[in-house]
Amino acid sequence: NVAGVFEGSDPALKSEYVIMSAHLDHLGIGRAVNGDTIYNGAMDDASGIASVIETARLLKASGIKTKRSVLFLAVTAEEKGELGSRYFAARPTVPFRQIVADINLDMFLPLYALKVIEVQGLAESSLGDSVRAAAKTLGVDVQTDREPEQNRFIRSDQYSFIRKGVPAL
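Definitions and cut-offs
Residues numbered from 1 in each chain as written. Predicted model: local features only at pLDDT ≥ 70, side-chain atom pairs only at ≥ 80, totals over all residues. Heavy atoms only, no water. Core = buried A, V, L, I, M, F, W, Y, C linked by side-chain atoms within 4.5 Å. Buried < 20%, exposed > 50% of the residue type's maximum accessible area, 1.4 Å probe, protein only. Helix = DSSP H or I, 4+ residues; strand = E, 2+ residues; numbered from the N terminus. Contact = heavy atoms within 4.5 Å. Phe/Tyr/Trp six-rings, centres within 6.5 Å; stacked < 30°, edge-to-face > 60°. Pairing = 2+ DSSP bridges. Axes fitted to C-alpha atoms, helices over the stretch in contact; angles between N-to-C directions. Polar contact = N/O pair within 3.5 Å; in protein donor to acceptor, adjacent residues only side chain to side chain. Patch = residues over 30% accessible without salt bridge, like charges linked within 9 Å, V, L, I, M, F, W, Y side chains within 5 Å. Areas by Shrake-Rupley, 256 points an atom, 1.4 Å probe, with all protein chains shown as cover. Salt bridge = Lys/Arg side-chain N within 4 Å of Asp/Glu carboxyl O. Arc of directions from axis to C-beta.

Undergrad: Can you tell me about the nonpolar core, naming the residues and giving the values?
TA: Formed by Y17, I19, L71, L73, V75, F88, A89, V94, I99, F161, V166 and A168, the largest nonpolar core amounts to twelve residues. Of all the secondary-structure elements, those providing two or more residues to this core are β2 (17-23), β5 (69-75) and α2 (83-90). Among the elements that line this core, the one with the most residues is β5, at three residues. Not counting residues within four places of it along the chain, the set of residues in contact with Y17 comprises V5, S69, L71, V94, Q98, I99, V100 and A101. Judged by nonpolar contacts, the second largest core, of ten residues, contains F6, M20, A22 and L105.

Right under this line is the structure:
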């Protein structure tokens, strides 16, 4: 795992952490798709890692101040059972009780202009209301999991935090 912190500015809230996470690994090779057995992982999950890095870069470059601190977290071994996020949730680099949320980016598909975002766990915590409000200001529709039978909500790194009582999407 690799973590970095962008310190918050509010004296009362800067000791609280919002985690922005994504996983570094991918399957590597597998069943051939169009004759190619190499799974490059561009969408799952290089897109999430790139988004985490770019968000950190933009926050630093813009001079924007967040009230809470943001912990940028690149975790390993999601494809092997969320091992990196489970490890971090059990042994965080900041006091666990001060982690207030995890926003996990997995399978971000930046192929087209952002008009709709699918959020796993949208109705599972108060974070869903915040996502809807933020998306509305950008003219983006928010939808729930369109394939709940795939159990993606529990098969991605946010679930390691949810299992410990941290709201996560």
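Undergrad: An account of the packing of aromatic side chains is requested, with residue identities and associated values reported.
TA: Each aromatic ring pair is specified by the distance between its two centres and by the angle formed by the two planes. Counted according to the given criterion, the structure contains two aromatic pairs. Between F88 and F161, the ring centres sit 6.3 Å apart and the planes meet at 55 degrees, which makes this aromatic pair tilted. Pair noted here: F88 is in helix α2 and F161 is in helix α4 (residues 158-162), with a separation of 73 residues, a long-range link. Classification of F88 as buried rests on a relative accessible area of 4%. Judged by relative accessible area, F161 falls into the buried class, the value being 0%. Aromatic side chains F153 and Y159 sit 6.1 Å apart centroid to centroid with 65 degrees between the ring planes, which places their arrangement in the edge-to-face category. Exposure remark for F153: the relative accessible area of 17% places this residue in the buried category.

Undergrad: So what about the sheet that holds β5? Which residues, and what values?
TA: Strands sit in the order β1-β5-β2-β6 across an open sheet of four strands; the sheet is mixed. Every other strand in the sheet has two partners, leaving β1 (2-6) and β6 (99-104) as the edge strands with one partner each. When strand polarity is set aside, the average angle formed by the axes of neighbouring strands in this sheet is 20 degrees. By the bridge criterion, seven bridges tie β2 to β5 in an arrangement that is parallel. Directly across from S21, in β5, lies its bridge partner L73. Docked against the sheet, helix α1 (residues 42-62) engages β1, β2 and β5, running at close to 145 degrees with respect to β2.

Undergrad: Account for the side chain of D45, naming residues and giving values.
TA: Locating D45 in the fold gives a position in helix α1. In this structure the side chain of D45 is engaged in a polar contact, spanning 3.3 Å, whose partner is the backbone nitrogen of H23. Non-local contacts of D45, meaning those with residues more than four positions away in its chain, are made with A22, H23, D25, L105, D106, M107 and F108.

Undergrad: Outline a nonpolar patch on the surface, supporting the account with residue identities and numerical values.
TA: Residues M107, L109, L111 and Y112 make up a contiguous nonpolar surface patch of roughly 480 Å² in combined accessible area. Note that L109 resides in the loop between β6 and β7 (116-118). Relative accessible area serves as the criterion here: at 47%, L109 is assigned to the partly exposed category.

Undergrad: Outline the environment of D36, supporting the account with residue identities and numerical values.
TA: Within the fold, D36 resides in strand β4 (residues 36-39). For the pair D36 and P92, spaced 56 residues apart in the sequence, the C-alpha separation amounts to 38 Å.

Undergrad: Which residues make up helix α3 (residues 127-137), and what values go with them?
TA: Every buried residue of α3 is listed here: L127, G128 and A135. Buried residues in α3, looked at end-on, bunch into an arc of 100 degrees, giving them a common side. Opposite the packed face of α3, turned more than 90 degrees from it, sit the exposed residues D129, K136 and T137. Of the surrounding elements, those touching the buried residues of α3 are β6 and β8 (141-143). Where α3 ends, the next residue or the one after it, G139, has phi of about 70 degrees, a positive value.

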